[in-house]
Amino acid sequence: MTGLRTRFAPSPTGYMHIGNLRTALYAYLVAKKDPEGVFILRIEDTDQGRLVEGATDIIYETMKQCGLKHDEGPDIGGPVGPYVQSERVHDGIYMEYAKKLIRLGGAHYCFCDEEVIKAQKERDGESFKYDDPCKHLSIEEAEARIAAGEKFVVRQTIPESGTTSFDDEVFGTITVDNSTLDESVLIKSDGFPTYNFANVVDDHLMGITDVVRGMEYLSSAPKYNLIYEAFGWDIPRYIHCPPVMKDEHSKLSKRNGDASFQDLVAKGYLPGAILNYIALLGWAPETNQEIYSLDELVQAFNVKRIGTNGAIFDPVKLTSINGLWLRNMDLDSYYDLVKPYIDQAVKGDFDKKKIAAVVQVRANTLNEIPEMLDFFDVFPEYSNDLYTNKKSKTNPEVALTALKACREVITGIDDWTLQTIHDRLMELPAKLSMKNGQVLFPLRLAISGKQSTPGGAFEIAEILGKEETLRRLDLSIAQLEN
């Protein structure tokens, strides 16, 4: 194998949360910086009690929507499969290596009651350190007890003294006393490996050169290194990423009801915009550029610019970036994307591509679009108080004067195009000795019934058509006169 090899190894336990997707993105970017780099998808399903039906399909669909195309994985195969850990269990891979590790002195059989140990750990909290009497058994004694039918687990053997160090691209060199490390279970009593063992074995066998994961695994990295060293394996480059935070004190978590990737898409955010935004959560580009395509992220990404502090997820900033993505689309592509949303709100015979053009300037998410357009089919009731606007220096009296003049001009327009409507109506402010806003703000309100609209008075009038524009003007003038 040549070139960098990274992996994204999610557990199929539900929806794709934002922190998990960011890990996938960073792993992809690290691999693709190398022209020969390989990005692997591995499904870690050894915790059978937490599996959610359909979650693996969600992982595939999310990766596809985001353009994070893996080079090897369960669905496409590859030279170092299987790429699903439960399948690797059935192939006997983990038990084989566990037995090798036992003979190398890096692990031992344990016959103690796991429920009792679990209760002790819950009782003692961080101060808990299990001194396993079974590690003093010889391999022959242990295997004799197994042959007699006793239940067992395989537990890591930690040196009682000395230190273990590891280098991380984000946090630098970290050294811990071995006496502080607990002897974790590597193979459970059901024969399934724990994450602590399976990820080390799989990363080695799959040739992973760079491990990208959350910083919650920093405390476990020394134990992983002891396994690597016991086998005499090369240790991969570690890239531990800070968490994505809900606020200064809480991590973003689907369990706490925070938005997942699927939730954000359902709210009208583009997958590319979501990916763009989460790339910036904890990573600082070398320039002021803010909008990135995936290809541009590959070129710009540098792990040395990943920060050590948690990054707070800001929905307002995400919305702003999503709006820029929408506005940067060409009109044809944008229209194809938003037509279903326009169709929800506009049933009448209007030029929907022109509606898309005015919406594109205003909408920051797709879900905003229908409520912006409800005035096209039905002219809503509204209060004359809306004509009072300090910024535009208008009130009902000013509005009535402006609208009557607008009606007279519009009646005389035969060439109903945006340019003609614009040119003819823009002559009015000077003739009436008014500011532009004193004419255009009342006109937009009078034909839409809304204080805020996508597009201005000219665009709305063009889309409505001359007949409908005059009808609405007459209703608004009559309302003001009454």
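Preceding block: the structure.
Residues numbered from 1 in each chain as written. Predicted model: local features only at pLDDT ≥ 70, side-chain atom pairs only at ≥ 80, totals over all residues. Heavy atoms only, no water.

Novice: How should the overall build of the protein chain be read in this particular structure?
Specialist: From N to C terminus, the protein chain includes 21 helices and eleven strands. For 482 residues, the compact-globule formula gives about 23 Å, and the C-alpha radius of gyration of the protein chain, at 32 Å, lies well above that figure. When its C-alpha atoms are laid out on the principal axes, the protein chain stretches across 105 × 50 × 40 Å. Burial analysis of the protein chain (482 residues in total) assigns 49% to the buried set. Excluding contacts between residues fewer than 6 apart, the proportion of contacts in the protein chain whose partners are at least 24 apart in sequence is 74%. Averaging the coordinates of the 53 positive side-chain charges in the protein chain and doing the same for the 73 negative ones gives two points 4 Å apart. (Helix = DSSP H or I, 4+ residues; strand = E, 2+ residues; numbered from the N terminus. Rg over C-alpha atoms; globule rule 2.2 N^0.38 Å. Buried < 20%, exposed > 50% of the residue type's maximum accessible area, 1.4 Å probe, protein only. Contact = heavy atoms within 4.5 Å. Lys, Arg positive; Asp, Glu negative; His and termini not counted. Charge placed at Lys NZ, Arg CZ, Asp CG, Glu CD.)

Novice: Sorry if this is basic, but what is going on with the pairing of strand S4 (residues 153-156) here?
Specialist: Taken residue by residue, a regular strand's side chains alternate between the two faces of the sheet. Neither face of S4 is exposed, since Val153 and Arg155 on one face and Val154 and Gln156 on the opposite face are all buried. As judged from the four bridges shared by strand S3 (residues 107-110) and S4, these two strands associate in the antiparallel manner. Paired with Tyr109 across the two strands is Val154, which belongs to S4. (Pairing = 2+ DSSP bridges.)

Novice: I keep staring at helix H10 (residues 271-279) and nothing clicks. Help me out?
Specialist: In an α-helix, one turn spans 3.6 residues, which is why side chains three or four residues apart end up on the same side. Of all nine residues in H10, eight are buried; the element is thus mostly enclosed. The set of residues buried in H10 consists of Pro271, Ala273, Ile274, Leu275, Asn276, Tyr277, Ile278 and Ala279. Turning to H10, the residues buried within the fold contact helix H1 (18-32), helix H2 (55-66), helix H9 (261-266), helix H11 (294-300), strand S11 (311-312) and helix H12 (315-327).

Novice: Is there a simple way to think about the packing of helix H4 (residues 93-103) against helix H7 (residues 195-205) in this case?
Specialist: For any two helices packed against each other, the geometry is given by the interaxial angle and the distance between the axes. In contact at an axis separation of 11 Å, H4 and H7 are set at 100° when each is read in the N-to-C sense. What the angle tells us is that H4 and H7 run roughly perpendicular. Counting all contacts with H4, which are made through Ile93, Tyr94, Tyr97, Ala98 and Leu101, the residues of H7 involved are Phe197, Ala198, Val201, Asp202 and Leu205. Grouping the amino acids of the contact of H4 with H7 by side-chain chemistry returns nine nonpolar, no polar and one charged. (Axes fitted to C-alpha atoms, helices over the stretch in contact; angles between N-to-C directions. Parallel < 35°, antiparallel > 145°, perpendicular 65-115°, else oblique. Nonpolar A, V, L, I, M, F, W, Y, C, P; charged D, E, K, R; others polar.)

Novice: Please clarify how the packing of aromatic side chains should be interpreted in this entry.
Specialist: How two aromatic rings sit relative to each other is given by the distance of their centres and the angle of their planes. Scanning the model with the defined rule gives 17 aromatic pairs in all. Ring pairing ties together the aromatic residues Tyr26, Trp283, Tyr292 and Phe301, which thus form one cluster. Over the face of the ring belonging to Tyr97 we find Lys100, whose NZ or CZ atom lies 4.5 Å from the ring centre. For the cation-ring pair, Arg145 lies above Phe111, with the distance from its terminal atom to the ring centre recorded as 4.4 Å. (Phe/Tyr/Trp six-rings, centres within 6.5 Å; stacked < 30°, edge-to-face > 60°. Lys NZ or Arg CZ within 6 Å of the ring centre and 35° of its normal.)

Novice: Any chance you could explain the side chain of His70 here in plain terms?
Specialist: Topologically, His70 is positioned in the loop between H2 and helix H3 (85-90). A distance of 2.8 Å separates polar atoms of two side chains, one belonging to His70 and the other to Asp75. If sequence neighbours within four positions are ignored, His70 has contacts with Phe39, Ile40, Leu41, Asp75 and Ile76. (Polar contact = N/O pair within 3.5 Å; in protein donor to acceptor, adjacent residues only side chain to side chain.)

Novice: Would you explain the nonpolar core in this entry?
Specialist: Most often, soluble globular proteins keep nonpolar side chains buried together rather than apart. Counting residues in hydrophobic clusters, the biggest one holds 102 residues, and the most contacted among them are Leu25, Leu68 and Leu373. Ala142, Leu186, Ile227 and Tyr238 belong to the second largest nonpolar core, which has 40 residues in total. (Core = buried A, V, L, I, M, F, W, Y, C linked by side-chain atoms within 4.5 Å.)

Novice: Quick question: what am I supposed to make of the state of the cysteines here?
Specialist: Formally, a disulfide is one covalent bond, and it connects the sulfur atom of one cysteine to the sulfur atom of another. Counting across every chain of the model gives zero disulfides. No disulfide involves Cys134; its sulfur sits 3.6 Å from the nearest other cysteine sulfur, which is in Cys112. (Disulfide = S-S within 2.5 Å.)

Novice: I would appreciate a short explanation of the environment of Arg22 in the present structure.
Specialist: One can find Arg22 in helix H1. Look at Arg22 and you get buried, because its relative accessible area is 3%. Separated by 258 residues in sequence, Arg22 and Leu280 place their C-alpha atoms 9.5 Å apart. With sequence-adjacent residues up to four places away left out, Arg22 is seen in contact with Cys241, Pro242, Pro243, Val244, Ile278, Leu281 and Gly282.

By themselves, these observations are geometric and do not establish any function.
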